[in-house]
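Tertiary structure, described
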Amino acid sequence: MKILMDITHPAQVHLFHPFCEEMNNRGHEILFTTREKEVTIDLLEAYGMKYISFGKKFKARPGKIMGVFKFVWMMYRIALRFKPDIFFSHGSIYSAATAFLCGKPHIAVEDTGNMEQIKIYLPLTKYILTPSVYHHEHGRKHIRYAGYHELAFLYPSRFKPNPAVLEHLGVKDNDPFIIIRFISWNATHDKGQSGIDFENKIRLVSELSKHAKVFISSEGELPPEFEAYRIKMPPVMMLDALYYCSMYIGEGISMASESGCLGTPALHINTMFSSYCDDLEKNYGLIYNYKSADGVLDKALEILNDPDYKQLNREKLRKLYDEKIDVTAFLVWFIENYPASGQIMTRNPEYQLRFKGDGGRK
């Protein structure tokens with residue numbers, strides 16, 4: 001089977017890497033298309049994933065509209081040569097439109113609920129696969145599974161932390177360190193949303209650096225005041241850094257949920273609702289969601305001053321792993337067995353429970 005997959009965000013490289021590796025081992029061929037966004041290319045190359053880049057993304061709204069036509073045309077030309085049997089993506093408009101032009105099925109995974117994009121790609125998509133806690137309904141095409149995207153690559157059998165990241169960061173095993181994430185707020189779903197204002201960014205970094213080493217990851221340009229805190233390491237090691245750090249604080253939803261699934265305390269500041277971050281907070285107590293920076297510093301200091309906090313947080317993962325499935329195993333089965341897999345899940349949603357692991361006990 002040949003599968004053409006489109007990457008629109010760096011986090012999707014982590015999401016699809018285990019799927020790609022397992023499908024390649026089973027004799028299937030996968031080709032990724034992408035655009036230059038942050039560390040996307042670096043991650044694709046670090047994981048050894050076969051890809052074609054279409055160049056830089058458009059940031060302004062008029063450019064994004066023009067980009068749809070440009071990138072669909074470029075992907076269509078790639079598809080004519082590659083001859084995929086199926087298109088698979090994280091809700092990519094480009095992928096859905098190209099699949100339609102080629103007369104091939106498009107399967108989407110979705111977790112953000114960006115209706116501006118979903119309304120465009122859903123009519124051109126055979127199935128949309130979402131976490132069970134996802135907050136929208138999409139009719140007969142909608143299939144829910146007991147997991148999050150992050151569990152596709154952070155399930156116990158899928159992730160082994162690399163302690164070499166500590167050397168890259170210049171910290172020792174027991175040194176407290178914090179990762180802070182700022183986003184650029186130029187994605188379509190970021191319109192009207194907000195996170196940490198500049199004054200509170202200064203305050204957080206200044207106060208927390210008195211108690212722990214602070215590293216900043218930024219989606220956009222960093223102001224001069226923060227340059228000395230910029231995190232410097234191979235991008236592929238970010239998940240390792242999140243595993244070993246004392247705490248994550250930031251505006252990024254993906255990194256907040258990744259931290260939660262790793263058992264690292266996470267303080268997430270963003271006005272946009274995230275169903276999976278909400279689930280991680282209310283049902284598992286693994287992250288804290290804030291609409292503004294109010295109260296964040298006090299909570300961060302509370303966590304830093306409790307030497308047992310992170311270990312107790314990590315013990316909460318048992319319940320999470322007991323109740324969620326190995327998402328990669330589910331996705332491999334679904335794509336390999338399409339279209340029968342869609343019919344099976346529609347008739348018997350509990351079929352997915354056979355993809356539960358050992359709850360992290362082994």
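What counts as what
- Residues numbered from 1 in each chain as written.
- Predicted model: local features only at pLDDT ≥ 70, side-chain atom pairs only at ≥ 80, totals over all residues.
- Heavy atoms only, no water.
- Pairing = 2+ DSSP bridges.
- Helix = DSSP H or I, 4+ residues; strand = E, 2+ residues; numbered from the N terminus.
- Axes fitted to C-alpha atoms, helices over the stretch in contact; angles between N-to-C directions.
- Contact = heavy atoms within 4.5 Å.
- Buried < 20%, exposed > 50% of the residue type's maximum accessible area, 1.4 Å probe, protein only.
- Polar contact = N/O pair within 3.5 Å; in protein donor to acceptor, adjacent residues only side chain to side chain.
- Salt bridge = Lys/Arg side-chain N within 4 Å of Asp/Glu carboxyl O.
- Core = buried A, V, L, I, M, F, W, Y, C linked by side-chain atoms within 4.5 Å.
- Right-handed = clockwise from strand over helix to strand, strands pointing away.
- 1 Å grid on protein atoms, 1.4 Å probe; cavity = no way out; pocket = protein on both sides within 12 Å on 5 of 7 lines; lining within 4 Å.
- Points joined across faces, edges and corners; volume = space filled by probe spheres on them.
- Nonpolar A, V, L, I, M, F, W, Y, C, P; charged D, E, K, R; others polar.

Concerning the sheet that holds strand E10 (residues 247-250)
Ordered in space as E9-E8-E10-E11-E12, the five strands form an open sheet in which the pairing is parallel. Only two strands of the sheet have a single neighbouring strand rather than two, namely strand E9 (213-218) and strand E12 (287-290). Here the strands of the sheet are splayed against their neighbours by 15° on average, with no regard to which way each runs. The strands touched by helix H8 (residues 198-208) within the sheet are strand E8 (177-182), E9 and E10, with E8 carrying the most contacts at an inclination of about 170°. Together, strand E11 (266-269) and E12 form the strand contacts of helix H11 (residues 275-282), whose direction differs from that of E12 by roughly 125°.

Here we look at the environment of isoleucine 287
With respect to the element layout, isoleucine 287 can be found in strand E12. Taking the C-alpha atoms as reference, isoleucine 287 lies 6.1 Å from leucine 267; in sequence the two are 20 residues apart. Not counting chain neighbours up to four residues away, the residues in contact with isoleucine 287 comprise Ala256, Gly260, Ala266, Cys277, Leu280 and Glu281.

Observations regarding the sheet that holds strand E3 (residues 51-56)
Taking strand neighbours across the sheet as the criterion, the seven strands line up as E3-E2-E1-E4-E5-E6-E7 in an open arrangement whose pairing is parallel. This sheet does not close on itself; its edge strands, each paired only once, are E3 and strand E7 (142-145). Strand after strand, the sheet turns through a mean of 20° between neighbouring axes, direction not considered. Across four bridges, the pairing between strand E6 (residues 127-131) and E7 is parallel.

Topic: the environment of tyrosine 145
The residue tyrosine 145 is located in strand E7 in this model. Tyrosine 145 gets classed as buried once you look at its relative accessible area, which sits at 1%. Sequence separation between tyrosine 145 and proline 10 is 135 residues, and the spatial gap between their C-alpha atoms is 23 Å. Setting aside its immediate chain neighbours within four residues, tyrosine 145 contacts Leu129, Thr130, Pro131, Ser132, Ile325, Val327, Phe330 and Gln352. Side-chain polar atoms of tyrosine 145 contact the side chain of histidine 149, separated by 3.5 Å.

Details of the pattern of salt bridges
In total, this model carries 13 salt bridges according to the counting rule given. Note that lysine 50 is salt-bridged to glutamate 29, the shortest N-O span being 3.4 Å. You can see lysine 50 sitting in the loop between helix H2 (40-46) and E3 and its partner glutamate 29 sitting in strand E2 (residues 29-36), a full 21 residues away along the chain. With a relative accessible area of 48%, lysine 50 lands in the partly exposed category. By relative accessible area, which is 31% here, glutamate 29 ends up partly exposed.

Overview of the nonpolar core
Grouped together as the largest cluster of nonpolar side chains are 74 residues, with contacts concentrated most on Phe19, Phe88, Leu129, Ile179, Leu320, Phe330 and Phe334. Per element, the largest residue contribution to this core is eight residues, and it comes from helix H15 (residues 327-336). Not counting chain neighbours up to four residues away, the residues in contact with phenylalanine 19 comprise Ile3, Met5, Ile30, Phe88, Thr328, Leu331, Val332 and Ile335. Within the second largest apolar cluster, 24 residues are counted, among which are Phe182, Ile196, Leu297 and Ala300.

What about the pairing of E3?
In the sheet, E2 pairs with E3 via four bridges, with the strands oriented parallel. Each residue of the ladder has a partner; that of glutamate 36, found in E3, is lysine 56. Of the crossover connections in this fold, the one passing from E2 over H2 to the parallel E3 is right-handed.

Remarks on empty space enclosed by the protein
Counted by the stated rule, this structure contains one cavity of 30 Å³ or more. By volume, the largest cavity amounts to about 40 Å³. Asp111, Thr112, His135, Ile253, Met272, Phe273, Ser274 and Tyr276 are the residues that line the largest cavity. Looking at the lining of the largest cavity, its residues break down into four nonpolar, three polar and one charged.

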